[in-house]
Amino acid sequence: MAAVAALEGRWQEAFTWQLRVDEAEEKAAHLELELEMMKSKKEQAEAKVAALELRVQPGKKEDGSKEIKRLIAAEAEKTRALERLMAEEAKKSRQQEEKLREMQKEMAEWRRKSPEPDMDQIGEQKEVMQKLEISKSLIGALQKEVHSQVAQIESLLEDLENWQE
């Protein structure tokens, strides 16, 4: 009877871990979607900047236009807002990675404490660990992409500032 209760307890813990992994995967998918949206917004901002740059060329010959300068300033503000949003997403991504690390620590502790698992449990544990690793690598890739996007936005901001001068 005690063995059955212990086995049920392990199954409950495995189920809990699976729920946590599923949640982490959902959050990673959400971050991917937000990153794609940010990329789209960035591309739109780049296109607007390029269009404004083309409009500025003739304007420079005529001592520039206040309207064009205002549009450039507005686009620069939009770009800064996008940069702040990307920084927030990077922070969320780091928090997700920290949660995954904590879950891995808890899982290692659970494995250390639990008695010899049977073959089904070993298979489930391997599957959960694989999902955790995939989620971790996905979050890492998302973080790299966010950092890359932030660098590109900073470059665009510098270009805008140069054009404004």
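Criteria and cut-off values
What you see as residue numbers is a count from 1 along each chain, following the sequence as written. Reporting in this predicted model follows two pLDDT cut-offs: at least 70 for local features of residues, and 80 or more for side-chain atom pairs to be given and counted; totals over whole chains, interfaces and linings ignore these cut-offs and use all residues. To obtain the side-chain values, all non-hydrogen atoms of the structure were included, while hydrogens and water were left out. Here a helix means four or more residues in a row that DSSP labels H or I, a strand means two or more in a row labelled E, and each is numbered from the N terminus. Three exposure classes are used, based on accessible area relative to the maximum for each residue type with a 1.4 Å probe and protein chains only: buried under 20%, partly exposed in between, and exposed over 50%. Residue contacts are defined here by distance: any two heavy atoms, one from each residue, within 4.5 Å place the two residues in contact. For every accessible area listed, the method is Shrake-Rupley and the probe measures 1.4 Å; residues are considered covered only by the protein chains on display. Here, a salt bridge means any Lys or Arg side-chain nitrogen found within 4 Å of an Asp or Glu carboxyl oxygen. What pLDDT conveys is the predictor's confidence in a given residue, as a value from 0 to 100. Patch members must show over 30% relative accessible area and no salt bridge, and they are joined within 9 Å when carrying like charges or within 5 Å when they are nonpolar side chains of Val, Leu, Ile, Met, Phe, Trp or Tyr. Two residue types count as positive, namely Lys and Arg, and two as negative, namely Asp and Glu; His and chain ends fall outside the count. Just so you know, the charge point we use is NZ for Lys, CZ for Arg, CG for Asp and CD for Glu.

Peer 1: Tell me about the overall build of the protein, and name the residues and values.
Peer 2: Across its full length, the protein carries 3 helices and 0 strands. Beginning at the N terminus, the succession of helices and strands in the protein can be written as α-α-α. Looking at the protein residue by residue over its 165 residues, the buried ones come to 31%. Of all intrachain contacts in the protein linking residues separated by at least 6 positions in sequence, the fraction that spans at least 24 positions is 87%. When the accessible surface of the protein is split by element, carbon and sulfur atoms take 55% of a total near 10700 Å².

Peer 1: Kindly report on the pattern of salt bridges, identifying the contributing residues and their values.
Peer 2: By the definition in use, this model includes 2 salt bridges. A salt bridge links Glu 77 to Arg 84; the shortest N-O distance between them is 3.5 Å.

Peer 1: For the confidence of the model for the protein, give the residues involved together with the corresponding values.
Peer 2: When pLDDT is averaged along the protein, the result is 76, and 84% of the positions lie at 70 or above. Mean pLDDT across the elements of the protein bottoms out in helix 1 (residues 2-61) (74) and peaks in helix 3 (residues 119-164) (82).

Peer 1: Could you give me a rundown of the environment of Glu 124, with the residues and numbers involved?
Peer 2: For Glu 124, the position within the fold is in helix 3. Sequence spacing of Glu 124 and Trp 11 is 113 residues, and the spatial spacing of their C-alpha atoms is 9.9 Å. With near-sequence residues (within four places) excluded, Glu 124 lies in contact with Trp 11 and Ala 14.

Peer 1: Would you mind going over the side chain of Ser 135 in detail, with residue names and values included?
Peer 2: One can find Ser 135 in helix 3. Not counting residues within four places of it along the chain, the set of residues in contact with Ser 135 comprises Glu 25 and Leu 100.

Peer 1: Pulling in residues and values, what's your account of a negative patch on the surface?
Peer 2: Together, Glu 154, Glu 158, Asp 159 and Glu 161 make up a negatively charged patch on the protein surface. Mapped onto the secondary structure, Glu 154 falls in helix 3.

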